[in-house]
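Inside the fold
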2 protein chains.
Amino acid sequence: MSVGIVEPKSITFDTELRLQSGRILGPITLAYETYGSLNAERSNAILVEHAWTGDAHLAGRHSETDSRSGWWNALVGPGRLLDTDRYFVICSNVIGSCHGSTGPTSLNPRTGKRYNLSFPVITVRDMVAAQKLLVDHLGVRKLLSVMGGSMGGMQALEWATQYPDCIASAIVLAATPRPSAQAIAFSSIARWAIFNDPTWRKGEYHKNPKDGLALARGIGHICFLSDESMSAKFGRRFSARDGLFDFFGQFEVERYLNYNGFNFVDRFDANSFLYLAKALDLYDLAWDCESLEEAFTPVTAPLQFFAFTSDWLYPPYQTEEMVAALEKLGKPVEYHLITSSYGHDSFLLELETFTPMVREFIRQAEERQ
Amino acid sequence: MSVGIVEPKSITFDTELRLQSGRILGPITLAYETYGSLNAERSNAILVEHAWTGDAHLAGRHSETDSRSGWWNALVGPGRLLDTDRYFVICSNVIGSCHGSTGPTSLNPRTGKRYNLSFPVITVRDMVAAQKLLVDHLGVRKLLSVMGGSMGGMQALEWATQYPDCIASAIVLAATPRPSAQAIAFSSIARWAIFNDPTWRKGEYHKNPKDGLALARGIGHICFLSDESMSAKFGRRFSARDGLFDFFGQFEVERYLNYNGFNFVDRFDANSFLYLAKALDLYDLAWDCESLEEAFTPVTAPLQFFAFTSDWLYPPYQTEEMVAALEKLGKPVEYHLITSSYGHDSFLLELETFTPMVREFIRQAEERQ
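Residues numbered from 1 in each chain as written. Chains lettered and ligands numbered in written order. Predicted model: local features only at pLDDT ≥ 70, side-chain atom pairs only at ≥ 80, totals over all residues. Heavy atoms only, no water.

Concerning the interface of chain A and chain B
In this assembly, 61 residues from chain A lie in contact with 61 residues from chain B. The junction of chain A with chain B conceals about 5000 Å² of combined surface from both sides, 72% of it contributed by carbon and sulfur atoms. Inspection of the region where chain A meets chain B yields two salt bridges. Across the salt bridge formed by Arg191(A) and Glu254(B), the nearest N and O atoms sit 2.9 Å from each other. Applying the counting rule to chain A against chain B returns 19 residue pairs in polar contact (both at pLDDT 80 or more). Among the elements of the structure, helix H3 (181-195), helix H4 (210-224), helix H5 (227-233), helix H6 (252-265) and helix H7 (270-282) of chain A are those that each provide at least two residues to the side of chain A that touches chain B. Counting residues per element, the side of chain A that touches chain B draws most heavily on H3(A), which supplies 11 residues. Partitioning the side of chain A that touches chain B into residue classes produces 36 nonpolar, 14 polar and 11 charged. (Contact = heavy atoms within 4.5 Å. Buried area = accessible area lost by both parts, 1.4 Å probe. Salt bridge = Lys/Arg side-chain N within 4 Å of Asp/Glu carboxyl O. Polar contact = N/O pair within 3.5 Å; in protein donor to acceptor, adjacent residues only side chain to side chain. Helix = DSSP H or I, 4+ residues; strand = E, 2+ residues; numbered from the N terminus. Nonpolar A, V, L, I, M, F, W, Y, C, P; charged D, E, K, R; others polar.)

Encoded structure:
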């Protein structure tokens, strides 16, 4: 069952975080939610990491009249995969985002104005460093598990390599040790679409630059789906409203991209989108290391990986490089290649496929304690 | 050797073409070039079809000081695949383009002004109908072969199905019987990028809308390359000029897309780009037919197909659907799947791989005469 009504929380750490870039960011506010209770041994906490445009609202609803449940609601609640009768589940919004954590839309305490482009470039490692403050604050010394897909998977990888003693297991879905040139290319096209929007004004806008941001999101949607899922969903159907030979006539797939692009403008800030896109592009698990093996050397917790056959944004071969490096090091690693036509979005849609394997993996982590 | 200096030609047909949309277009001007001489039997003509942003300048140079050779120069000339000592080679610019043939940049004879968006939506079938006027004019009743890649391949397919008695063979590279939803999605993103450019002004611009068109072209470049070729060409290298943590710092792949995008603005018109993108999206070999088999039923000439393993814009499975349909009908068909990492662009780059097979295929067509 669902976790029901949950309360959004927020905490401000009056600290200065030294970022990977060398710049300083602080104070740090994090929006977060928790579900279930921390046990006396403080050994039942599971941290769930969100993807690019996600937020801390993992599960439940914010009020009786709230029509929208959290983004991974199906996985969290009594009796569900992340069983709140048993686990203390945490989800926090990453820094750089616009959903309550410190980001470019926050007020810069030094100027009293919105950061906008004066916000420093951040990395996935920085996001996790901020999260560590929260986990410490919640009194959790060692997370039973950290779990996430896409950018969430990158965060789980950072926990495993940067804070190896602070996790008992990690579950990484649809992630990559480093986005490919092609993935960066798509990201750069999305950035470019926003830069082209004259209302963006180098980040100093009063109203979200809708045309550029919607287009940027449209590009994302293509990358999140697959050739197969787009064919199944839209085929070559033409909008019933339009004539086939109208210059502005749209195919159904075109309408979908437009519709979802413009919807996105209401829920995400353009500057945040740009900062997080940059963080994704810069992500390299082996940053400052010679190899993936070197990067994985500190890992102690077992890692479980899922890749999806039709994910062409972070294709399975990229996950398999990580698995091979861990195996070479003799580290405990489990890998599942899931056959799915849903593309990168599979990690949000193939819940029934991976849930039993994740359940068993977490159970084993519990047993080891 | 090269064909040397060639003269661009142009012809205007004082006729009205009834387009697939039902609209009328005329008079029709076609820019074209020819290489070699038509023999007495008029049996040695080969028509080469260009792709989306191509032109009639297939081979040679326009003057002694011309630094740029035609787009498939390596294939055309004495002793080359399209041996001009032996064949009469024709290349014409498609209608809708901006390289000399009637298109949105042409003057509308009814108004004396540029067509811009009053130009009718055209299709690949319409392009070939216009070409047919030229081939007739040149005194060629039956082409020895028609050959093209990508949109050029679609044109070859139209010749094979709409004018089956007018060709003795067809060579189709990196084409599709109908672009997928994913291919249409990329096209629609490119359109959107231009629509978003305030200088586009619904097609009524004085200066090519550079930001939108460059972005649209950048999207195209991603589709023309492959994950593998982009990794090999750019990897994750960061521009040496920029700091890793600069907000506007660029990866090399990002610079490449920008550079090539803006270069494109000098040589292609935004409205033409939009009309041809639309023609690609609308392309369906089986238009008004129940199936590919029905569409291929009139075919008499042998068809030779090439697909490239890393072409994800028009992936091999789409060519294979055509081959299967032709085989089912018992039509003469030859298929080569070429292993290449160059993506859709393979048809412009894997010349040495496919040349011997095309040479043999044309030779057989000659022998049958």
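A short note on the sheet that holds strand S6 (residues 88-92) of chain B
All names here are of chain B. Taken in spatial order, the eight strands of this open sheet run S1-S4-S6-S5-S7-S8-S9-S10, and their pairing is mixed. Two strands in the sheet have a free side with no partner beyond their single neighbour: strand S1 (9-13) and strand S10 (333-338). Pairs of neighbouring strands in the sheet enclose a mean axial angle of 20 degrees, with direction left out of account. Where helix H1 (residues 124-137) meets the sheet, it contacts S1, strand S4 (28-35), strand S5 (45-49) and S6, and its direction lies at approximately 55 degrees from that of S4. On the sheet, helix H2 (residues 151-162) packs against S5, strand S7 (145-149), strand S8 (170-173) and strand S9 (303-308) and is oriented at approximately 150 degrees with respect to S7. (Pairing = 2+ DSSP bridges. Axes fitted to C-alpha atoms, helices over the stretch in contact; angles between N-to-C directions.)

Comments concerning the pattern of salt bridges
Counting across every chain of the model gives 29 salt bridges over all chains. As a salt-bridge pair, Glu293(B) and Lys328(B) come within 3.0 Å of each other at their nearest N and O atoms. With Glu293(B) in helix H8 (residues 292-296) and Lys328(B) in helix H9 (residues 316-328), this pair connects stretches of sequence that are 35 residues apart. Look at Lys328(B) and you get exposed, because its relative accessible area is 66%. In the salt-bridge network here, residues are joined through shared partners; they are Arg178(A), Asp284(A) and Glu321(A). (Buried < 20%, exposed > 50% of the residue type's maximum accessible area, 1.4 Å probe, protein only.)

Re the pairing of strand S10 (residues 170-173) of chain A
All names here are of chain A. Where burial is concerned, the two faces of S10 agree: the one with Ala 170 and Val 172 and the one with Ile 171 and Leu 173 are both buried. Here strand S9 (residues 145-149) runs beside S10; their pairing, made up of four bridges, is parallel. Bridging across to S10, Gly 148 finds its partner in Val 172. As a crossover connection, the stretch from S9 through helix H2 (residues 151-162) into S10 is right-handed. (Right-handed = clockwise from strand over helix to strand, strands pointing away.)

Structural notes on the packing of H4(A) against helix H3 (residues 181-195) of chain B
The angle between the axes and the distance between the axes are what describe a pair of packed helices. Axis separation between H4(A) and H3(B) bottoms out at 10 Å; the angle between their running directions is 165 degrees. Of the possible angle classes, the one that applies to H4(A) and H3(B) is roughly antiparallel. Where H4(A) crosses over H3(B), the two elements pack in a sense that is left-handed. Across from Asp211(A), Ala214(A), Leu215(A), Gly218(A), Ile219(A) and Ile222(A) in H4(A), the residues of H3(B) making contact are Gln182(B), Ala185(B), Phe186(B), Ile189(B), Trp192(B) and Ala193(B). Tallied by class, residues from the contact of H4(A) with H3(B) come to nine nonpolar, two polar and one charged. (Parallel < 35°, antiparallel > 145°, perpendicular 65-115°, else oblique. Left-handed = near helix turned anticlockwise from the far one by under 90°.)

Regarding helix H4 (residues 210-224) of chain B
Here H4(B) contains 15 residues, and its C-alpha end-to-end distance of 21 Å stays within 8% of the 21 Å for a straight helix at 1.5 Å per residue. Within H4(B), 13 of the 15 residues are buried, leaving the element largely enclosed by the surrounding structure. (Expected span 1.5 Å × (residues − 1).)

As for the pairing of S6(B)
Residue and element names in this part refer to chain B. The buried count for S6 comes to five of five residues, which makes it a mostly enclosed element. Strand direction decides the pairing type here: S5 and S6, joined by four bridges, are parallel. Across the sheet, Ile 46 pairs through a bridge with Val 89, a residue of S6.

Brief notes about the environment of Glu64(A)
Residue and element names in this part refer to chain A. Here Glu 64 lies in the loop between strand S5 (45-49) and strand S6 (88-92). Accessibility expressed as a relative area gives 62% for Glu 64, which makes it exposed. Each C-alpha atom of the pair Glu 64 and Arg 217 lies 30 Å from the other, and the pair is 153 residues apart in sequence.

Notes on unusual backbone geometry
Residue and element names in this part refer to chain A. A cis amide bond links Gly 26 with the next residue in sequence, Pro 27, at an omega value of -10 degrees. Counting through the fold element by element, Pro 27 comes out in the loop between strand S3 (24-25) and strand S4 (28-35). If you check the backbone angles, Ala 174 has positive phi at about 45 degrees while not being a glycine. Of note, Ala 174 is situated in the loop between S10 and H3.

Notes on the relation of the copies chain A and chain B
Mapping chain A onto chain B calls for a screw motion: a turn of 180 degrees about the axis and a shift of 0.0 Å along it, with 0.0 Å RMSD after fitting. In short, the pair behaves as if placed about a two-fold rotation axis. When each C-alpha of chain A is compared by its distance to the rotation axis, Ala193(A) comes out closest, at 3.5 Å. Most of the interface of chain A is mirrored in chain B, where 100% of its interface residues are also at the interface. (Least-squares fit on C-alpha atoms with pLDDT ≥ 70 in both.)

Some remarks on the side chain of Glu350(B)
By the secondary structure assignment, Glu350(B) is in the loop between helix H10 (346-349) and helix H11 (351-368). Side chain to side chain, Glu350(B) and Thr353(B) meet in a polar contact 2.8 Å long.

Points about the sheet that holds S4(A)
Backbone-to-backbone hydrogen bonds pair the strands of a sheet. The strands run either parallel or antiparallel. Residues and elements named next belong to chain A. The mixed open sheet is built from eight strands, whose spatial order is S1-S4-S6-S5-S9-S10-S11-S12. Looking along the sheet, the strands with just one partner apiece sit at the ends: strand S1 (9-13) and strand S12 (333-338). Direction aside, neighbouring strands of the sheet carry axes that sit 20 degrees apart on average. For S4 and S6, the ladder comprises four bridges, and the chain directions are antiparallel. The residue of S6 that forms the bridge with Tyr 35 is Val 89.

Observations regarding the packing of H1(B) against H2(B)
All names here are of chain B. Contact geometry for H1 and H2: axes closest at 9 Å, N-to-C directions at 70 degrees. The pairing of H1 with H2 is recorded here as roughly perpendicular in orientation. The crossing of H1 and H2 is right-handed. Taken together, the residues of H2 that come into contact with H1 (itself represented by Val 124, Arg 125, Met 127, Val 128, Gln 131, Lys 132 and Val 135) are Met 151, Met 154, Gln 155, Glu 158, Trp 159 and Gln 162.

Some remarks on the packing of aromatic side chains
Residue and element names in this part refer to chain B. Taken as a whole, this structure holds 46 aromatic pairs over all chains when the rule is applied. Plain terms: the ring middles of Trp 52 and Phe 224 are 6.5 Å apart, the flat faces sit at 80 degrees to each other, and that makes the pair edge-to-face. Here the residue Trp 52 occupies a position in the loop between S5 and S6, and Phe 224 occupies one in helix H4, the gap between them amounting to 172 residues. Classification of Trp 52 as buried rests on a relative accessible area of 13%. Geometrically, the ring pair formed by Tyr 115 and Phe 119 is edge-to-face, given 5.0 Å between the ring centres and 85 degrees between the ring planes. (Phe/Tyr/Trp six-rings, centres within 6.5 Å; stacked < 30°, edge-to-face > 60°.)

The quantities given are spatial measurements derived from coordinates; they are silent on function.
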